[in-house]
Amino acid sequence: MNLKKYNVDSFNLDHRAVKAPYVRLASRKTGAKGDVVSKFDIRVTQPNVEFMETGAIHALEHIAAETLRDVMDGVIDFSPMGCRTGFYLTLWGEISEENVASAMLTVFQKVVDWKGEVPAANEIQCGNFRDLDLERARFFAEKWIKGINEKGFSPF
């Protein structure tokens, strides 16, 4: 099959070839003034096989986005993928997949161990605060940790 090339990196990834969970450098850009931005694909579930429910991915994103900044410098954004199979992590600088995987192991363990309410779980700080599922977030975080510990962080 001859597929069209797209501007979006993930649209050009053969989702059948990768094996979740993993960490993959999705792109690295250098700005006009020399600033480097790195974007990582943090895949939690196997594409086209399993996905995270919205409440799970939403709760995981709230906790991870909050705690990630305590673990890593240079975090720009931590965002869920539209397909609900993982997240994009955008950082300043050139950081390795191995360093990102190590930080995410720490962050996802924080999700597994989380006590109390999900951060910003209210109508003032969140646009859909009723759709947060901490138990399922813990499930997917634990699954990611187990998979990375068993197979490593590589997508292949």
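Residues numbered from 1 in each chain as written. Predicted model: local features only at pLDDT ≥ 70, side-chain atom pairs only at ≥ 80, totals over all residues. Heavy atoms only, no water.

> What exactly am I supposed to notice about the pairing of strand β1 (residues 22-30) here?
As a general feature of sheets, a regular strand has side chains that alternate between the two faces. Pairing geometry for β1 and strand β2 (residues 36-43), over eight bridges, is antiparallel. Counted as the bridge partner of Arg-24 is Asp-41 from β2. Here β1 folds back onto β2 in antiparallel fashion, the turn holding five residues, of which Gly-34 has a positive phi close to 90°. (Pairing = 2+ DSSP bridges. Helix = DSSP H or I, 4+ residues; strand = E, 2+ residues; numbered from the N terminus.)

> I keep staring at the layout of surface pockets and nothing clicks. Help me out?
In this approach a probe as big as a water molecule rolls over the atoms, and the regions it shows empty are the leftover space. As a volume, the largest pocket reaches approximately 290 Å³. Every residue along the wall of the largest pocket is listed here: Met-1, Leu-3, Lys-4, Tyr-6, Ser-10, Phe-11, Asn-12, Leu-13, Asp-14, His-15 and Arg-16. Its residues assigned to classes, the lining of the largest pocket shows five nonpolar, three polar and three charged. (1 Å grid on protein atoms, 1.4 Å probe; cavity = no way out; pocket = protein on both sides within 12 Å on 5 of 7 lines; lining within 4 Å. Points joined across faces, edges and corners; volume = space filled by probe spheres on them. Nonpolar A, V, L, I, M, F, W, Y, C, P; charged D, E, K, R; others polar.)

> Would you explain the packing of aromatic side chains in this entry?
Each aromatic ring pair is specified by the distance between its two centres and by the angle formed by the two planes. Evaluated as defined, the whole model comprises four aromatic pairs. Look at Phe-108 and Trp-144: their rings are 4.9 Å apart centre to centre, the planes differ by 90°, and that puts the pair in the edge-to-face class. Taken together, the residues Phe-108 in helix α2 (residues 97-112) and Trp-144 in helix α3 (residues 134-151) connect sequence positions 36 residues apart. According to the relative accessible area criterion, Trp-144 is buried, its value standing at 0%. Relative to Phe-140, the ring of Phe-139 lies with its centre 5.0 Å away and its plane at 80°, an arrangement referred to as edge-to-face. A residue is classified by how much of its surface remains accessible, and Phe-139, at 35% relative accessible area, is partly exposed. Lying across the ring of Tyr-88, Lys-39 places its NZ or CZ 4.3 Å from the centre. The side chain of Arg-136 reaches across the aromatic face of Phe-139, ending 4.5 Å from its centre. (Phe/Tyr/Trp six-rings, centres within 6.5 Å; stacked < 30°, edge-to-face > 60°. Buried < 20%, exposed > 50% of the residue type's maximum accessible area, 1.4 Å probe, protein only. Lys NZ or Arg CZ within 6 Å of the ring centre and 35° of its normal.)

> Mind showing me how you'd approach the nonpolar core here?
Soluble globular proteins tend to pack their nonpolar side chains together in the buried interior. Judged by nonpolar contacts, the single largest core of 38 residues is most densely connected at Ile-42, Leu-60, Leu-89, Val-100, Met-104, Phe-108 and Trp-144. Every element with two or more residues in this core is listed here: β2, α1 (54-71), β3 (75-80), β4 (86-92), α2 and α3. With sequence-adjacent residues up to four places away left out, Ile-42 is seen in contact with Tyr-22, Val-23, Met-81, Gly-86, Phe-87, Leu-89, Val-100, Met-104, Phe-108 and Trp-144. (Core = buried A, V, L, I, M, F, W, Y, C linked by side-chain atoms within 4.5 Å. Contact = heavy atoms within 4.5 Å.)

> Would you mind showing me how to read unusual backbone geometry here?
For residues other than glycine, phi is negative in most cases, and the peptide bonds are mostly trans. For the peptide bond that leads from Ala-20 to Pro-21, omega is 0°, which places it in the cis range. Tracing the backbone through its elements, the reader meets Pro-21 in the segment before β1. Of note in the backbone geometry, Ala-120 takes a positive phi value of approximately 60° without being a glycine. Of note, Ala-120 is situated in the loop between α2 and α3. Ala-120 gets classed as partly exposed once you look at its relative accessible area, which sits at 27%.

It is worth stressing that arrangement in space is one thing and function is another; only the former is reported here.
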